[in-house]
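Notes for the structure review
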Amino acid sequence: MRTPSSSLEGAAEQGGAGDKLLQLFMGDQDLAAGNMFVEARIRAAFYPKFENDKSDQQTRTRMIEMVSRGLATMEVTLKHSGSLFMYAGPHGGAYAKNSYGNLYTAVGVFILGRMFHEAWGKEAPKMQAKFNAYLEKNRLNISMELVTAVLGDHGQRPKDDYAVVTAVTELGHGKPKFYSTPEVIAFCRKWRLPTNHVWLFSTRKSATSFFAAYDALCEEGTATPVCKALDEIADISVPGSKDHVIVQGEMLEGLVARSVCRESSVQMEEVLRNFSQPPLDGVDCDLGPNLREICSSNSLDEKQQIKAILENLRSSLYPDHSDWFGNSGLDAQSRKADESVVAYFLQAHPTDYATKKLQEMIRLMKQIKEMKPSSFPAAFKCYWNYQKVDSLSNDNLYYKMVIHVHSDSVFTRYQQEMKKNQGLWPLYRGFFVDVNLFKANNMKTTELSEDSNILLNSIEGSLDSSSSVKDGLADEDSNLMVKLKFLPYKIRTFLLQNGLSTIFKNDRSAYSDYYVRYVMQMKNWGTSESKLKELCKLLNEWAAYIRGKYGNKPLSSSIYLNVENFKRKYLGEAEPFLEQYAKRSPANLALIRAAGNMVQTENFLAILDVERDEEDGFQPEHVAAPSSPTAPLDVVSKIEGLIVFFPGIPGCAKSALCNEILKMPGGLGDSRPIHSLEGDLTKGKYWQKVATERINKPFRITLADKNAPNEDVWQQIEDMCGTTNAAVVPIIPDSEGTDTNPFSLEALAVFMFRVLKRVNHPGNLGENSLNAGNVLIMFYKLYDGKSRREFESELYERFGSLVKMPLLKPDRAPLPGDVKSILDKGLSLFRPQRRKRGREEPSNDAYAKEWEKWEKKLRKILFRNDDYLKSIQVPFEVAVKEVVEQLKAVVKGDIKTPDTAKRRFGNIFFAAVTLSQADILGLVRKVAEKDTAVKKILNCIKLEDKLNKVHITLAHKSAHGVAAVASYAVYKNQEVPVSFNAFFYTDKMAALEAQLGMVNGETIVSRNDWPHVTVWTAAGVGPKKANTLPHLVSEEKAKRVAIDPPITITGVIDFY
């Protein structure tokens, strides 16, 4: 390699080569002259963070809807437990998620090289060179899930060190384009690279069955039963070239489901026809020491490990090691460039469109970060590009920029900006950019400026005005994705691993806090109560075990210097502990699923079968009351309470509404008392007060008279439902909203106008409040990021109903220009400051003066438009009447308000037709009227006290398999007629023979040989024994009473 410029060498001798060179490059005169240019090229990028602001249930529902309408296909892949590794060739670079030139990338290059040798054998060096040339020529980077024990265990130590390709990105000279999954598989099979297992679901039945299958396996899923179930359900299954069970083991982290274009199935079938699974020519060759052998002999020093790994590459895949060890005057320690590089990058003239868009993105991110650094944890790190060190000069500098996102909240915040500015490029995960800063003389500057301006103007419109439709999907639908993780994996990570540091603290309260947080997290994930109790027991035993083994003294601070080493040391104990724990009982074994080599996966579903009856001991995930003349609709039971709350903004008239409800004679139409708790008059933590009130008097109707603008409060209200047996009704002001906020500017103007008209407001937010406008802007901003549709959908999904309070007349005049202008000014002026007395208030003098000026102008403009703001509002008495009618409908049961516990995801055991207890009791009594023997039995057993969980089993997980149970998901919550034609009984049990009808033209078929309802069993006789009644009749050991004519009752298909 030739020697770099003399300027660089001279500076290097003084120990600051990079920074000295930057100082030589930059100068005020140069900046003023405008002769600094920049060219930026993305070198590696992984998928943008998918938008997960919707609830999982909303995402599921939308994905199924898209598939049902033929607008999309649902794609599901295995989630291997590893680390992101990206490779763009020896010149493009090797990258981890947010870094490069470290152990992660050395391991990634080693594994990739080794896989080439396994695939191509003696041809590997030649194919590696061709592969590198192909990546460079086509400006591609491949992304892989890198799974190794060397980089830390994720749930379970993998059996082998390997990687699977998860994405191929075409970088080009513009916005990155990601290959579709069929294209990825074709690419990988061409180059013999490892692929993941992929399933495609292109019909409503298969898509709904998939989610039901996950719900059936969510608390016990491991690789073998999960893959088996999905193979049976999916329309297309493409096995991965790396079998999860063989290379990683049974412990499966989860599944990733996402919407892809509807043509994916056709494209995949074509790829499978044209590209067969390639052979592995080098699998029996001597590949030299493996990764674990190399690292174990160099375990004390990471640099030594890196060096040993790269020396054992045995390939030409990545001959340049300068990213790890430095190059000619720049060592590895001095590679980080001066922080001012980012500023110069933003100031320089862009040479092309891609550079301009990257500048736009980074400039926006820096602006957001400067407003509130703590809420936007992202960094822009620049390093000298060692591979370009020969080209460095005073006029020509090369960097690698790493856009490091520290929290998922950054992606969410950035996506909000993308909704406002459709031309913004996405923020990618694993985001690396090559930057070339250079200076030009005056003549060259003029040419470059003219050329770049012409180029930018000519392509900007055509590129950024493109449709927001991707592969036939709108943006919000193309980003639909949900990650579905399994409990056995969560046990090892969230339970055992994440609590290690807390367990070793000599602070009982810290451990208690962790314990409580863990329990709450598991509840939020929908873990069943029975499983939760088992997990709490496991957590306590793990803490006692690990502390007993390594002593009860707190760990020294040095142990925390390397988190991964800390985890590796103690997680080595996890598998032996789990293995011993699993041996102690079948229940423990079913919880752990796999530990060591003691459990065979084909026995998983049968472990507890000997201890439980398939129809006994399980509560339904959600039992919908069938519409039947004998079962009156009364969804909000009179023995439970009701919470009414307000996701609104000050000025939405909630207090006035509550007062009107309290004054109404007869309340809401039933005998339950109504109580209002006004937020402005309640001292202390308001929602804790509400919870206490609910516990003390759980059967009354509580009007929670306080604005509830965020999801943390909504979660508290959900928790109250479960603990105090209450239904919930949110009341929201009716408003069209905007793309990024559920409330329109007109609604905001009305709220502000109402607040400024208040006299003697108990919360001091009225006519005398100097910052009333600022407070309302703050509340308005709390809802940012949700469209009206998303806002309403989430509330309905959480609480099952929604009451809308009329606000604006539909035939109103447009918002006056001066009102819109002052509101826009306030929204742009607002930035969150430090909290003061529970509110956000401006702090520094200049900023405070701006707000003071704005507040005065706001009042002047709103009062000037007094007549308009009054004229567009729906009269208050009309709004109250409509809200009360809706509330009475909820109380009466005309609007269903299911409690949240029933709607959360849970482990499914079987599919069934749920029937009304009253209907079955009435039917059996009709049989008894015609048969004295039946009447005698009924008089002896008091059937009305024993008849519960009335259902007809359609399929059971242990008897018929997960796929069989899941196949009924497409009919979930659908009504089906059931005809009963005979009553079977002995002195120990009784059942009704059933014949199932049709749903949407399809006959419902039970997987049981004899569809029936178990009516009663004697003590010690399991409901499952009722299956033997037809056989007992044939042996004259039971009696059959015909029901003629048959009686038909309507039931609802559901999961238990």
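Cut-offs used in this document
- Residues numbered from 1 in each chain as written.
- Predicted model: local features only at pLDDT ≥ 70, side-chain atom pairs only at ≥ 80, totals over all residues.
- Heavy atoms only, no water.
- Helix = DSSP H or I, 4+ residues; strand = E, 2+ residues; numbered from the N terminus.
- Buried < 20%, exposed > 50% of the residue type's maximum accessible area, 1.4 Å probe, protein only.
- Contact = heavy atoms within 4.5 Å.
- Areas by Shrake-Rupley, 256 points an atom, 1.4 Å probe, with all protein chains shown as cover.
- Pairing = 2+ DSSP bridges.
- Axes fitted to C-alpha atoms, helices over the stretch in contact; angles between N-to-C directions.
- Patch = residues over 30% accessible without salt bridge, like charges linked within 9 Å, V, L, I, M, F, W, Y side chains within 5 Å.
- Salt bridge = Lys/Arg side-chain N within 4 Å of Asp/Glu carboxyl O.
- Lys, Arg positive; Asp, Glu negative; His and termini not counted.
- Charge placed at Lys NZ, Arg CZ, Asp CG, Glu CD.
- pLDDT = per-residue confidence, 0-100.
- Core = buried A, V, L, I, M, F, W, Y, C linked by side-chain atoms within 4.5 Å.
- Phe/Tyr/Trp six-rings, centres within 6.5 Å; stacked < 30°, edge-to-face > 60°.
- Lys NZ or Arg CZ within 6 Å of the ring centre and 35° of its normal.
- Parallel < 35°, antiparallel > 145°, perpendicular 65-115°, else oblique.
- Nonpolar A, V, L, I, M, F, W, Y, C, P; charged D, E, K, R; others polar.
- Polar contact = N/O pair within 3.5 Å; in protein donor to acceptor, adjacent residues only side chain to side chain.

As for the overall build of the protein chain
When its secondary structure is counted, the protein chain shows 44 helices and 34 strands. Sorting the 1056 residues of the protein chain into buried and exposed places 55% on the buried side. Here the contacts in the protein chain between residues at least 6 apart in sequence split such that 80% fall between residues at least 24 apart. Carbon and sulfur atoms provide 50% of the accessible area of the protein chain, an area that totals close to 46,100 Å².

What about the sheet that holds strand β27 (residues 910–914)?
Across the sheet, 6 strands lie side by side as β28-β27-β34-β29-β30-β33; this open sheet has antiparallel pairing. At either end of the open sheet lies a strand with only one pairing partner, and these are β28 (951–956) and β33 (1012–1017). Averaged over neighbouring strand pairs, the angle between their axes works out to 35° when direction is ignored. In the packing of helix α39 (residues 917–930) onto the sheet, contacts are made with β29 (975–985), β30 (989–996), β33 and β34 (1039–1055), and the angle to β34 comes to roughly 180°.

Let's talk about a positive patch on the surface
A cluster of basic residues, Lys825, Lys853, Lys857 and Lys860, forms a positive patch at the surface. For the positive patch, the element with the most residues is helix α35 (residues 845–864), which contributes 3 residues. Look at lysine 825 and you get partly exposed, because its relative accessible area is 43%.

Re the sheet that holds strand β15 (residues 396–405)
Pairing is mixed in the open sheet, where 5 strands are placed in the order β13-β1-β16-β15-β14. Looking at strand neighbours, the two that pair on one side only are β13 (349–350) and β14 (378–384), the edges of this open sheet. Inspection of the sheet shows strand β1 (residues 36–48) paired to strand β16 (residues 428–439) by 11 bridges, in the antiparallel sense. Following the sheet pairing, proline 48 is matched in β16 by tyrosine 428. Set on the sheet, helix α17 (residues 353–371) makes contact with β1, β13, β14, β15 and β16; between it and β1 the angle comes to about 75°.

A few points about the confidence of the model for the protein chain
Looking at the protein chain, pLDDT values average 80 and 79% of them are 70 or higher. When the criterion is pLDDT under 50, residues 597–639 qualifies, and its contacts beyond four places in sequence or with other chains add up to 112 contacts. Long-range and interchain partners of residues 895–905, a stretch whose pLDDT sits below 50, account for 41 contacts in this model, where long-range means more than four residues apart.

Thoughts on the pattern of salt bridges
Tallied over the entire structure, the rule returns 42 salt bridges. Notably, a salt bridge pairs lysine 177 with glutamate 183, separated by 3.9 Å at the nearest N-O pair. Residue class for lysine 177 comes out partly exposed when judged on its relative accessible area of 40%. A relative accessible area of 35% places glutamate 183 in the partly exposed class. Residue lysine 870 pairs with aspartate 866 through a salt bridge whose shortest N-O separation is 3.1 Å. Residue lysine 870 and its partner aspartate 866 are located together in helix α36 (residues 866–871), separated by 4 residues, close to a single helical turn. Under the relative-accessibility criterion, lysine 870 is labelled partly exposed at 49%. Of the residues examined, aspartate 866 reaches a relative accessible area of 13% and is grouped as buried. A single salt-bridge network, built from bridges that share partners, covers Arg43, Glu136, Lys400 and Asp434.

What about the nonpolar core?
Phe210, Leu915, Phe980, Phe983, Leu992 and Val1015 are the most contacted members of the largest nonpolar core, which has 81 residues in total. Among the nonpolar cores identified, the runner-up in size contains 60 residues, and Val755, Ala772, Leu808 and Phe830 belong to it.

Concerning helix α14 (residues 302–311)
A turn of α-helix holds 3.6 residues, and therefore any two residues three or four places apart point the same way. Those residues of α14 lying buried are Gln305, Ile306, Ala308, Ile309 and Leu310. Buried residues in α14 make contact with α6 (103–120), α13 (291–296) and α15 (322–325).

A closer look at the packing of aromatic side chains
Enumeration according to the criterion identifies 38 aromatic pairs in this entry. Here a set of aromatic residues connected by ring pairs shows up, and it is made of Tyr87, Phe116, Phe131, Tyr134, Tyr179, Phe187, Trp191, Tyr318 and Trp324. Arginine 192 extends its terminal NZ or CZ atom over the ring of tryptophan 120, reaching a point 3.9 Å from the ring centre. Positioned above the aromatic ring of tyrosine 686 is the side chain of lysine 706, whose terminal nitrogen or guanidinium carbon lies 5.7 Å from the ring centre.

Digging into unusual backbone geometry
Leave glycine aside and you will find that most residues have negative phi; peptide bonds, for their part, are mostly trans. Along the chain, aspartate 1044 connects to proline 1045 via a cis peptide bond; the corresponding omega equals 0°. Inspection of the secondary structure puts proline 1045 in strand β34. Even without a glycine there, the phi angle at asparagine 760 is positive, about 55°. Summarising the element assignment, asparagine 760 is placed in the loop between α31 (745–756) and α32 (772–782). Residue classification places asparagine 760 among the exposed residues on the basis of a relative accessible area of 70%. Although it is not a glycine, glutamate 1036 sits at a positive phi angle of roughly 60°. Relative to the elements of secondary structure, glutamate 1036 occurs in the loop between α44 (1029–1034) and β34. Relative accessible area serves as the criterion here: at 74%, glutamate 1036 is assigned to the exposed category.

Describing the packing of α32 against α35
In contact at an axis separation of 8 Å, α32 and α35 are set at 95° when each is read in the N-to-C sense. On the basis of their axis angle, the class for α32 and α35 is roughly perpendicular. Mapping the contact onto sequence places Ala772, Gly773, Asn774 and Ile777 in α32 and Trp851, Trp854, Glu855, Leu858 and Arg859 in α35. Taken together, the residues of the contact of α32 with α35 break down into 5 nonpolar, 2 polar and 2 charged.

Some points on the side chain of asparagine 741
Mapped onto the elements of the fold, asparagine 741 is located in the loop between β23 (726–733) and α31. Using a relative accessible area of 1% as the deciding quantity, one classes asparagine 741 as buried. Engagement of the side chain of asparagine 741 in a polar contact is seen with the backbone oxygen of tyrosine 780, the distance being 2.8 Å. A polar side-chain atom of asparagine 741 sits 3.0 Å from a polar atom in the side chain of aspartate 784. Other than its neighbours up to four places away in sequence, asparagine 741 contacts Tyr780, Tyr783, Asp784, Lys786, Ser787 and Arg788.

Quick notes on the pairing of β28
When you tally the buried positions in β28, you get 6 out of 6 residues, the bulk of the element. Pairing geometry for β27 and β28, over 5 bridges, is antiparallel. In the sheet register, alanine 911 faces β28, and the bridge partner there is alanine 955.

Some points on the pairing of strand β20 (residues 641–646)
A large share of β20 lies buried, amounting to 6 of its 6 residues. The alternating pattern of β20 places Gly641, Ile643 and Phe645 on one face and Leu642, Val644 and Phe646 on the opposite face, and all of these are buried. Alignment of β20 against β23, held across 5 bridges, turns out to be parallel. Bridge pairing in β23 places leucine 642 opposite alanine 727. Pairing between β20 and strand β22 (residues 701–707): 5 bridges, direction parallel. Looking at β22, one finds that isoleucine 643 is bridged to threonine 702.

Re the packing of α31 against α35
Viewed as axis vectors pointing N to C, α31 and α35 meet at an angle of 95°, and their least axial separation amounts to 11 Å. What the angle tells us is that α31 and α35 run roughly perpendicular. Across the interface between the two elements, Met752, Phe753 and Leu756 from α31 touch Trp854, Leu858, Arg859, Leu862 and Phe863 from α35. Within the contact of α31 with α35, the residues separate by chemical class into 7 nonpolar, no polar and 1 charged.

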